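Structural description and commentary
Each chain is listed here by its residues.
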Amino acid sequence: MPDNPPPAQSARSVPSAPVILGDEPGSFPYSVLAERHPAIIRQVRESFPYGPEQHEALDALLASCTKGVVEPLPADAHDLDRWSAWGMDAYTGRSWFDVPWLWSESHFYRRLLDAVGYFGPGPWQGIDPFRPSKLAELDSRETDEELAALDELTGRPVAEQATALLHGSLWGNRADLGFRLSDAEAEDRAAVPGLVADDTDTLWTLLGGAGAAAGTLCLIADNAGRELIPDLLLIAHLLAHGRIGRAVLQVKPYPYYVSDATTADVVDALRRLTRAPGEAAAYGHRLWAAMADGRLTVRAHPFSCAPLPYADMPDDLRAELATADLTIVKGDLNYRRLVGDRRWPPTTPFAEVTAHFPGPVAALRTLKSEVITGLDADTEATLVAAEGRRWRTSGTHALIQVSSSPG
Ligand SMILES: O=P(O)(O)OC[C@H]1O[C@](O)(CO)[C@@H](O)[C@@H]1O
């Protein structure tokens, strides 16, 4: 089977490059499977007073994902057909290290929820194993400081507010609790400026300027807490200043990648805002009102937890995204899914690898895995000279890349 593609490869394939596997000891993908996943199992074990049944299931998952093979989902799994369509039949019986890294890493979180009884039936049904760490981050001093900064920002010119909130949403992506488990001090080591690509000007042209009809923004969210809050603040600003008429916030239908946002996390974030002192509360109440009158809608499409690239999205999601004037795709995992989790040469044009997308798309991402496209050769040379390969995974660099006419 060439390149290990899942059986359902769509006719909308993009230009090709080798799919990333986790099979190379010493490589970043390998370290995530071999070290980070066991660390996440340890963290989950300690986060709740789970019983012997859950601990045994976590033991079995640990053995399977580090030394074993991909095993079939239980016959009564609610999403068995979906995972069969997502390639599980092709990968069952194979090492987690020998199948596409995006697939095995994503499948790990599905199996982790099974192990702790999240899908039920039973006492642990619907109990988010990552909630304690998400709430701790939401209630942190850092969040207080970021919200307090809004009081000063509100007096600034509107264009300056917009740029500050856009960058707040971008750098908020460092709020990835899974990442923190293995590299908390990364921020202090950056040798080269943070932004490696910046299409901000193009992005603003796609969000109704003065006199232009206020269209629809779709924001495909990533992490909860200190990332989701700046995402919501950006949406509130764009609604309040008539740059958009409506926003659709795409979140995850269940806990995923430790800190990815679910609807429960959106509610927690809005409550955090409305409870805050000063301008933050005003933002919170405006967002709450926008939810009530439909100007802000939350969606949780099952494909947001699929181990597949967006090029393989189902038609209903494709049709929905096609109605947006702009789709902002947040974070590292979504970037891998947007451009394809492949070893692209870094100067591969972003527009080429996003041609499959059904409408204008902007990626806001801090770099936490090896996939990269759309760099100019000088920037790549400077980064390599200063940091070798570290710039790709350290989380200290970011990008704003826009493709205004794909599809
Ligand atoms: O929260 P984000 O920005 O999607 O980051 C998640 C990224 O972290 C990792 O799990 C490991 O760095 C990547 O595999 C994944 O792409």
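Residues numbered from 1 in each chain as written. Predicted model: local features only at pLDDT ≥ 70, side-chain atom pairs only at ≥ 80, totals over all residues. Heavy atoms only, no water.

For the rest of this paragraph, the subject is the domain arrangement of the protein chain. Note on interface size: it is often stated as the accessible area lost on association of the parts. Taken domain by domain, the protein chain holds domain 1 (28–129) and domain 2 (133–403). At the interface, 21 residues of domain 1 touch 27 residues of domain 2. On the domain 1 side of the interface with domain 2, the three residues burying the most area are Phe28, Trp86 and Leu102, jointly 31% of the side's total. Inspection of the domain 1/domain 2 interface yields 2 salt bridges. Of the charged contacts in the structure, one is a salt bridge between Glu105 and Arg336, with a shortest N-O distance of 2.9 Å. Counting across the domain 1 and domain 2 interface gives 4 residue pairs in polar contact (both at pLDDT 80 or more). Among the elements that make up the side of domain 1 that touches domain 2, the one with the highest residue count is helix 5 (residues 101–115) (8 residues). A class-by-class count of the residues in the side of domain 1 that touches domain 2 yields 14 nonpolar, 2 polar and 5 charged. (Domains from an automatic or database assignment. Contact = heavy atoms within 4.5 Å. Buried area = accessible area lost by both parts, 1.4 Å probe. Salt bridge = Lys/Arg side-chain N within 4 Å of Asp/Glu carboxyl O. Polar contact = N/O pair within 3.5 Å; in protein donor to acceptor, adjacent residues only side chain to side chain. Helix = DSSP H or I, 4+ residues; strand = E, 2+ residues; numbered from the N terminus. Nonpolar A, V, L, I, M, F, W, Y, C, P; charged D, E, K, R; others polar.)

A few words on the side chain of Thr200. As for its placement among the helices and strands, Thr200 is situated in helix 10 (residues 200–205). Only 2.4 Å separates the side chain of Thr200 from the side chain of Asp198, close enough to count as a polar contact. The contacts of Thr200, once residues within four sequence positions are left out, are Leu166, His167 and Ile400.

A word on the site of the ligand. Residues in contact with the ligand amount to 13 residues; listed here are only the nearest, Arg36, Glu105, Asp332, Arg336 and Lys368. One of the side-chain nitrogen or oxygen atoms of Asp222 is found 2.9 Å away from an oxygen atom of the ligand. Here the ligand has 390 Å² of accessible area as a free molecule, and 98% of this is covered by the chains. For the shell around the ligand, the secondary structure elements donating two or more residues are helix 1 (28–47), helix 5 and helix 15 (332–339). Considered class by class, the residues forming the shell around the ligand number 3 nonpolar, 3 polar and 7 charged. Built from parts of two domains, the shell around the ligand gets at least three residues from each of domain 1 (28–129) and domain 2 (133–403). (Near = heavy atom within 4 Å. Areas by Shrake-Rupley, 256 points an atom, 1.4 Å probe, with all protein chains shown as cover.)

Counted according to the given criterion, the structure contains 18 aromatic pairs. For the pair Trp83 and Trp86, a centre-to-centre distance of 5.1 Å together with 75 degrees between the ring planes defines the contact as edge-to-face. The exposure class of Trp83 is buried, given its relative accessible area of 0%. Seen in terms of ring centroids, Tyr335 and Phe350 are 6.3 Å apart; in terms of plane orientation they differ by 15 degrees. Their pairing is stacked. (Phe/Tyr/Trp six-rings, centres within 6.5 Å; stacked < 30°, edge-to-face > 60°. Buried < 20%, exposed > 50% of the residue type's maximum accessible area, 1.4 Å probe, protein only.)

Time to look at the side chain of His37. Assignment of secondary structure puts His37 in helix 1. With residues near it in sequence (within four places) discarded, His37 still touches Val32, Glu105, Phe108 and Tyr109.

Moving on: the pairing of strand 5 (residues 326–330). Across the 5 residues that make up strand 5, a large majority, 5, are buried. On strand 5, burial covers both faces: Leu326, Ile328 and Lys330 on one face and Thr327 and Val329 on the other are all buried. Bridging between strand 5 and strand 6 (residues 361–366) involves 4 bridges; their strand directions are parallel. Bridge pairing in strand 6 links Thr327 to Val361. (Pairing = 2+ DSSP bridges.)

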